Amino acid sequence: MNTARVLIRDADVVLPEGMVATNVLIEAGKIIAVDAASHTMADEVIDAQGLTLMPGVVDDQVHFREPGLTHKEDLESGSISCAAGGITTYLEMPNTQPPATSLEALQWKYNRAARVSRVNFGFYIGATENNVAELQRATHAPGIKIFIGSSTGDLLVDSQDALERIFAETRLPICSHCEDETTVRANRVRLGESLTVHDHSRIRDVRAAVIATRRAIDLAKRHQHRFHVLHVSTAAEIPIIAEAGPMITAEVCPHHLFFSTDDYDRLGSLVQMNPSVKSPEDAQQLWTALTAGTIQVIATDHAPHTWEEKQVAYPQSPSGLPAVENSLALLLDQANQQRCSLTQIASWMSDAPARVWGLVGKGRIAVGYDADLVLVDMSLRKTIRNAEQFTRSGWSPWDGTTLQGWPVRTLVAGQTVFQAGKVSDSLRGTAVLCDHARGGYWNTLGGIGI
Ligand code: DOR
């Protein structure tokens, strides 16, 4: 049991109500004071002068490939990358091999993560056309993931009957990959055989995203089911989400904010992902929807494939890219360019995802919350280099990009898991607790900074 008292002194602290220069006191892994006296006795004093203290990032969409595809990533390497990127909690997707579509497979991941994960974790249970009984039993999962549209792996639920049953007969919040399978397949046939990676955005086009998002939201509304739209990629989905009401939340990924179809010439299949990148105007509109609060969450959809796998000619090249160790820095750099505030970043990347999934004690710097924190240096400039990435996949689509504003120290339950470029070998995260009974939590508490 970690009972230590830690005082973080003289930081610029990003609180829900704004930024304050103060001292934060931690005891036994929890925040016990946010305005502690500078001379408070503690086992460890962290001098944070010149640094900014933020809530640790809660990334609600990662793919860590264990079991089955651990040559790309595993729970240990993925969690190490998280620690380096300022992510203190991740929620992992079920498209592993075998997929996490049963209680047994889900429990295997929880047990494995407890042994190897450097940061906190939770695992979604995946829906199939006929596993409602398993979905009903998985009460400790943060939610149910449905691939309404196939992506990496075999998970797909496209039959209307199966979808109706899942929304009607389960209780966990649901999130979906929304790209209409029929549209995607028809586009593929229409475009013929001599394809280039540019065709990826024509196959997985705006229509495919819109049809599936509309279909999922219709199901959620009719069944009064909490629903979260994963990785929104088009401007056309925004009004559908805006009109859907408070039961429905949505997220956007850094790659859909910072890349567009213009980047295929430079980056080829490195920016091939599902949903595909869309036009620069779509990216701009996604940013506007985020700042307006129509989209509440930023998550990475970290989907590592090896460099060699990504070099295979399209369409055999796999979709997805690694992002967990750069997502926070990408946003901090935007704050330095006055495009958003640190309070907004804390809302999008920590508080909102914690509330969407009912994660007890996560997402805020406030008394009683878990001391999952990240110290960032807003003046540090650093260039992303493939060779320096912690992810087993060993590359970043942002290789060569210089950003200003970087995480320099990450704490999980008050203990330093990342500092001076190194991740601790000895510390382990714990499983998240999900308070789904709170249900209206998202609606009643109100966003911070938005
Ligand atoms: O591009 C993607 N890759 N999108 C997904 O939804 C899945 C992911 C993967 O697991 O590779």
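Details of the structure are given in the entry above.
Residues numbered from 1 in each chain as written. Predicted model: local features only at pLDDT ≥ 70, side-chain atom pairs only at ≥ 80, totals over all residues. Heavy atoms only, no water.

Colleague: Which parts of the structure should I look at to understand the overall build of the chain?
Modeller: The secondary structure content of the chain amounts to 15 helices and 18 strands. Against the globule reference of 22 Å for 450 residues, the chain gives a C-alpha radius of gyration of 21 Å, in line with a compact fold. The C-alpha extent of the chain, read off along each of the three principal axes, is 70 × 45 × 40 Å. The buried share of the chain, taken over its 450 residues, is 63%. Restricting the contact set of the chain to residue pairs at least 6 apart, pairs at least 24 apart contribute 73%. For the chain, the accessible area works out to roughly 16,300 Å², and carbon and sulfur atoms hold 49% of it. Both charge centroids of the chain, one from 39 positive and one from 51 negative side chains, sit 2 Å from each other. (Helix = DSSP H or I, 4+ residues; strand = E, 2+ residues; numbered from the N terminus. Rg over C-alpha atoms; globule rule 2.2 N^0.38 Å. Buried < 20%, exposed > 50% of the residue type's maximum accessible area, 1.4 Å probe, protein only. Contact = heavy atoms within 4.5 Å. Areas by Shrake-Rupley, 256 points an atom, 1.4 Å probe, with all protein chains shown as cover. Lys, Arg positive; Asp, Glu negative; His and termini not counted. Charge placed at Lys NZ, Arg CZ, Asp CG, Glu CD.)

Colleague: Quick question: what am I supposed to make of the site of the ligand here?
Modeller: In the region of the ligand, 14 residues are neighbours, and Arg65, Asn95, Thr152, Asn274 and Ser319 sit closest. One of the side-chain nitrogen or oxygen atoms of Asn95 is found 2.9 Å away from an oxygen atom of the ligand. Isolated, the ligand exposes 290 Å² of accessible area, and the fraction of that covered by the protein chains is 100%. When the residues that make up the shell around the ligand are grouped by side-chain class, the tally is two nonpolar, 10 polar and two charged. (Near = heavy atom within 4 Å. Polar contact = N/O pair within 3.5 Å; in protein donor to acceptor, adjacent residues only side chain to side chain. Nonpolar A, V, L, I, M, F, W, Y, C, P; charged D, E, K, R; others polar.)

Colleague: What's the story with the nonpolar core in this structure? I'm lost.
Modeller: Met54, Tyr90, Ile146, Phe227, Val229 and Ile345 are the most contacted members of the largest nonpolar core, which totals 102 residues. By size, the runner-up hydrophobic cluster in this structure holds 19 residues, among which are Ala11, Leu53, Tyr369 and Ala371. (Core = buried A, V, L, I, M, F, W, Y, C linked by side-chain atoms within 4.5 Å.)

Colleague: What's the story with the packing of helix H4 (residues 160-169) against helix H7 (residues 206-222) in this structure? I'm lost.
Modeller: Each pair of packed helices can be summarised by the angle the axes make with each other and by the distance between the axes. Contact geometry of H4 with H7 gives a least axis separation of 9 Å together with a crossing angle of 40 degrees. Accordingly, the angle class assigned to the pair H4 and H7 is oblique. Here the hand of the crossing between H4 and H7 comes out right-handed. Taken together, the residues of H7 that come into contact with H4 (itself represented by Gln160, Leu163, Glu164 and Phe167) are Arg215, Ala216, Leu219, Ala220 and Arg222. The residue makeup of the contact of H4 with H7, split by class, is five nonpolar, one polar and three charged. (Axes fitted to C-alpha atoms, helices over the stretch in contact; angles between N-to-C directions. Parallel < 35°, antiparallel > 145°, perpendicular 65-115°, else oblique. Left-handed = near helix turned anticlockwise from the far one by under 90°.)

Colleague: Help me understand the sheet that holds strand S6 (residues 57-62), please; the structure alone is not making it clear to me.
Modeller: Across a sheet, paired strands are connected by hydrogen bonds in the backbone, their directions being either parallel or antiparallel. Strand order across the open sheet formed by three strands is S6-S7-S8, with parallel pairing between neighbours. At either end of the open sheet lies a strand with only one pairing partner, and these are S6 and strand S8 (120-123). Going from strand to strand, the sheet's axes swing by 20 degrees on average, the running direction of each strand aside. Note that S6 and strand S7 (residues 87-92) share four bridges and pair parallel. Bridge pairing in S7 places Val57 opposite Ile87. The strands touched by helix H1 (residues 75-85) within the sheet are S7 and S8, with S7 carrying the most contacts at an inclination of about 140 degrees. (Pairing = 2+ DSSP bridges.)

Colleague: Looking at this structure, I do not really get the pairing of strand S1 (residues 5-15). What am I missing?
Modeller: Note that S1 and strand S2 (residues 18-27) share nine bridges and pair antiparallel. Bridge assignment links Leu15 to a residue of S2, and that residue is Gly18. Summarising the sheet, S1 and strand S4 (residues 44-47) pair through four bridges and their orientation is parallel. In the sheet register, Leu7 faces S4, and the bridge partner there is Val45. Of the strand pairs in this sheet, S1 and strand S5 (residues 52-55) are connected by two bridges, and their pairing is parallel.

Colleague: Any chance you could explain the sheet that holds strand S9 (residues 125-126) here in plain terms?
Modeller: Ordered in space as S9-S10-S11-S12-S13-S14, the six strands form an open sheet in which the pairing is parallel. At either end of the open sheet lies a strand with only one pairing partner, and these are S9 and strand S14 (297-298). With three bridges joining them, strand S11 (residues 174-178) and strand S12 (residues 227-229) adopt parallel strand pairing. Across the sheet, Ser176 pairs through a bridge with Val229, a residue of S12. Against the sheet, H4 makes contact with strand S10 (144-148), S11 and S12, and its axis sits at roughly 160 degrees relative to S10, the strand it touches most.

Colleague: Where do I start with unusual backbone geometry in this structure?
Modeller: Negative phi characterises most residues that are not glycine, and trans characterises most peptide bonds. The amide bond that connects Gln97 to the next residue, Pro98, takes the cis arrangement and shows omega of 0 degrees. Take Pro98: it is sitting in the loop between S7 and helix H2 (103-116). Put simply, Asn274 and Pro275 share a cis peptide bond, and its omega is -10 degrees. By the secondary structure assignment, Pro275 is in the loop between helix H10 (264-267) and helix H11 (280-292). Residue Gln224 is not a glycine yet carries a positive backbone phi of 50 degrees. Tracing the backbone through its elements, the reader meets Gln224 in the loop between H7 and S12. Of note, Gln338 is a non-glycine position whose phi angle comes to about 65 degrees, a positive value. Structurally, Gln338 can be placed in the loop between helix H13 (327-336) and helix H14 (342-356). With a relative accessible area of 70%, Gln338 lands in the exposed category.

Geometric values such as these leave the question of function open.
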